[in-house]
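The primary structure of each chain is shown beneath.
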Amino acid sequence: MSDEFYRMKRLPPYVIAEVNAMRAAARAGGEDIIDLGMGNPDLPPPDHVIDKLVEVARKPDAHGYSQSKGIPGLRRAQANYYARRFGVEVDPENEVVVTMGSKEGLASLATAITAPGDVVLAPNPSYPIHTFGFIIAGATIRAVPTTPDEHYFESLDRAMAFTVPRPSVLVVNYPSNPTAESVDLAFYERLVAWARENRVWIISDLAYSELYYDGNPTPSILQVKGAKDVAIEFTSLSKTYSMAGWRIGFAVGNRTLIAAMSRVKSYLDYGAFTPIQAAACAALNGPQDIVEKNRQLYHKRRDVLVESFARAGWDIPSPRASMFAWAPLPPALQHLGSLEFSKQLLTQAKVAVAPGVGYGENGEGFVRIAMVENEQRLRQAARNVKRYLQSMGVNTPGKATG
């Protein structure tokens, strides 16, 4: 018997897990680690959502198997969200499916539509499921950039011209995890036209739809005329309503992809726990003030992070969206690489971040910083970072240079 299982051999070591293990060990040893590594919201869900969960959980008939594609009321609530937020009409019966978070949805879709040897275009750096959902399903990944500029479209055209077999799927994720880049509707219009011409499915991950700053709402690819012919889009309640552990997300869009995904899911699961789905309805249908409140809170954290770290001697570009900052390593420490830098930051500054190389080779030279601690803790992190940089001989603002 061999323990060399086919799919296990296709998965590299999960680099981010190495730093996570170090962080867990440090905390177990009593150290106060400021954790900016994982995008795990530190805020509670709205009270009325929790109340609905409790109310429905007390019903004797709410504990059986649920519906794999989601209860009808929740699919209608998601359709209403798309209508009010994006002006997009979707059929809750044939164009919406409830997922157990975006991750499960992406993995189920990859399983449904991928044949061994298929080529999938995915961003590098990218959130791991965008590549490994397809790798596990047997596909080959061809990397494309994350930056939505002319070079991006040139790389798509090159991929179609020189890849055998021709790519059949393109994954996009804006606002991006990990890079925090965002796009406008004109980008999606050009992308949809390209996909229709090249007969490529587009999978859009819009998990950070509501975490935008400076008054620039993020668009949906489904706002483009004809997008539903080629595109499916994933959203999630995780960040919008601080419900990450509840594992509720959605896929919306192309009927063929929705049907394929629903069929695979019907073999794999019975859907999320009914009281959780009912509470998700309450989140989408109820008061939306929490969404703006969370957006403002992350906006303030972003400003505190960028300002305080700059004063500490580390210039970080200000993200226009998402709950992450994509930070180049301080120039004097570039030689360390993102993994070693992250380890040193953890052990010497007591600040956990995610090494960029964990999101793909093009993430080398960066770390991802999650804005999941309050402003006071972010300022404390900056003070710790300043001491670390000074100990490494990096000239920081306010430090005399010899």
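Residues numbered from 1 in each chain as written. Predicted model: local features only at pLDDT ≥ 70, side-chain atom pairs only at ≥ 80, totals over all residues. Heavy atoms only, no water.

- The chain carries the name Aminotransferase in an unreviewed UniProt entry, which gives Sphingomonas adhaesiva as its organism.
- Its UniProt record gives the chain a comment under Cofactor (unreviewed entry), which states: "pyridoxal 5'-phosphate".
- In UniProt, the chain has this text filed under Sequence similarities (unreviewed entry): "Belongs to the class-I pyridoxal-phosphate-dependent aminotransferase family." (UniProt positions renumbered as here; feature names shortened; annotations may be inferred.)

## A closer look at the overall build of the chain
Thought 1: Per the secondary structure count, the chain includes 13 helices and 12 strands.
Thought 2: For 402 residues, the compact-globule estimate of 2.2 N^0.38 gives 21 Å, and the C-alpha radius of gyration of the chain, at 22 Å, lies within 12% of that figure.
Thought 3: Taken along its principal axes, the extent of the C-alpha atoms in the chain is 70 × 55 × 55 Å.
Thought 4: Across the chain, contacts joining residues at least 24 apart in sequence account for 75% of those joining residues at least 6 apart.
Thought 5: Surface exposure of the chain reaches about 17400 Å², of which carbon and sulfur atoms provide 53%.
Thought 6: One finds the centroid of the 43 positive side-chain charges in the chain at a distance of 2 Å from the centroid of its 41 negative side-chain charges. (Helix = DSSP H or I, 4+ residues; strand = E, 2+ residues; numbered from the N terminus. Rg over C-alpha atoms; globule rule 2.2 N^0.38 Å. Contact = heavy atoms within 4.5 Å. Areas by Shrake-Rupley, 256 points an atom, 1.4 Å probe, with all protein chains shown as cover. Lys, Arg positive; Asp, Glu negative; His and termini not counted. Charge placed at Lys NZ, Arg CZ, Asp CG, Glu CD.)

## Some thoughts on helix H10 (residues 274–285)
Thought 1: Along its 12 residues, H10 runs 16 Å from first to last C-alpha, staying within 8% of the 16 Å computed at 1.5 Å per residue.
Thought 2: Where burial is concerned, most of H10 is hidden: 11 out of the 12 residues are buried.
Thought 3: For H10, every residue scored as buried is listed here: Thr274, Pro275, Ile276, Gln277, Ala278, Ala279, Ala280, Cys281, Ala282, Ala283 and Leu284.
Thought 4: Each element contacted by the buried residues of H10 is listed here: helix H3 (47–57), helix H4 (72–86), strand S2 (96–99) and strand S8 (249–253). (Expected span 1.5 Å × (residues − 1). Buried < 20%, exposed > 50% of the residue type's maximum accessible area, 1.4 Å probe, protein only.)

## Quick look at the sheet that holds S8
Thought 1: One open sheet holds the 7 strands; their spatial order is S2-S8-S7-S6-S5-S3-S4, and the pairing between them is mixed. Two strands in the sheet have a free side with no partner beyond their single neighbour: S2 and strand S4 (140–144). Averaged over all pairs of adjacent strands, the angle between strand axes in this sheet comes to 20°, irrespective of strand direction.
Thought 2: As paired strands, strand S6 (residues 201–205) and strand S7 (residues 231–236) are joined by 4 bridges and run parallel to one another. Counted as the bridge partner of Ser204 is Glu233 from S7. (Pairing = 2+ DSSP bridges. Axes fitted to C-alpha atoms, helices over the stretch in contact; angles between N-to-C directions.)

## Description of the packing of aromatic side chains
Aromatic ring pairs: the centre-centre distance and the angle between the two ring planes describe each pair.
Thought 1: Counted according to the given criterion, the structure contains 15 aromatic pairs.
Thought 2: An angle of 5° between the planes, with centres 5.0 Å apart, marks the rings of Trp326 and Phe366 as stacked. Here Phe366 lies in strand S12 (residues 366–370) and Trp326 lies in strand S9 (residues 324–328), a separation of 40 residues in the sequence.
Thought 3: Residue class for Trp326 comes out buried when judged on its relative accessible area of 11%.
Thought 4: Put simply, the rings of Tyr152, Phe153, Tyr174, Phe187 and Tyr188 pair up and form one aromatic cluster.
Thought 5: Lying across the ring of Phe153, Arg190 places its NZ or CZ 4.0 Å from the centre. (Phe/Tyr/Trp six-rings, centres within 6.5 Å; stacked < 30°, edge-to-face > 60°. Lys NZ or Arg CZ within 6 Å of the ring centre and 35° of its normal.)

## Brief notes about the domain arrangement of the chain
Thought 1: With domains assigned, the chain is organised as domain 1 (6–44 + 289–391) and domain 2 (47–286).
Thought 2: Of note, the centres of domain 1 and domain 2, computed from C-alpha atoms alone, are 26 Å apart.
Thought 3: Taken residue by residue, the interface counts 33 residues in domain 1 and 29 residues in domain 2.
Thought 4: Where Arg302 meets Asp214, a salt bridge forms, and the shortest distance between an N and an O atom there is 3.1 Å. (Domains from an automatic or database assignment. Salt bridge = Lys/Arg side-chain N within 4 Å of Asp/Glu carboxyl O.)

## Some points on the UniProt feature "domain: Aminotransferase class I/classII large" (unreviewed entry) in the chain
Thought 1: Residues given the UniProt feature "domain: Aminotransferase class I/classII large" (unreviewed entry) here are residues 32–383.
Thought 2: The span residues 32–383 is 41% helix and 14% strand, and its two end C-alpha atoms sit 14 Å from each other.

## Focus on the pairing of strand S5 (residues 169–173)
Thought 1: Summarising burial for S5: 5 of the 5 residues are buried, a large majority.
Thought 2: In S5, alternate side chains face the same way, and those of Val169, Val171 and Asn173 on one face and Leu170 and Val172 on the other are all buried.
Thought 3: With 2 bridges joining them, strand S3 (residues 119–123) and S5 adopt parallel strand pairing. Following the sheet pairing, Leu121 is matched in S5 by Leu170.

## Here we look at the environment of Ser102
Thought 1: Tracing the chain through its elements places Ser102 in helix H5 (residues 101–113).
Thought 2: Spatially, the C-alpha atom of Ser102 lies 9.0 Å from that of Ser238, the residues being 136 residues apart in sequence.
Thought 3: Residues within four places of Ser102 in sequence aside, it is in contact with Asp205, Ala207, Phe234, Thr235, Ser236 and Arg247.

## Some details on unusual backbone geometry
Thought 1: The peptide bond linking Asn124 to Pro125 adopts the cis configuration, its omega dihedral lying at 5°.
Thought 2: The omega angle of the peptide bond from Tyr174 to Pro175 is -5°, so this bond is cis rather than trans.
Thought 3: The topology assignment puts Pro175 in the loop between S5 and helix H8 (185–198).
Thought 4: Unusually for a residue other than glycine, Ala180 sits at a positive phi of about 70°.
Thought 5: What makes Ala180 buried here is its relative accessible area of 5%.

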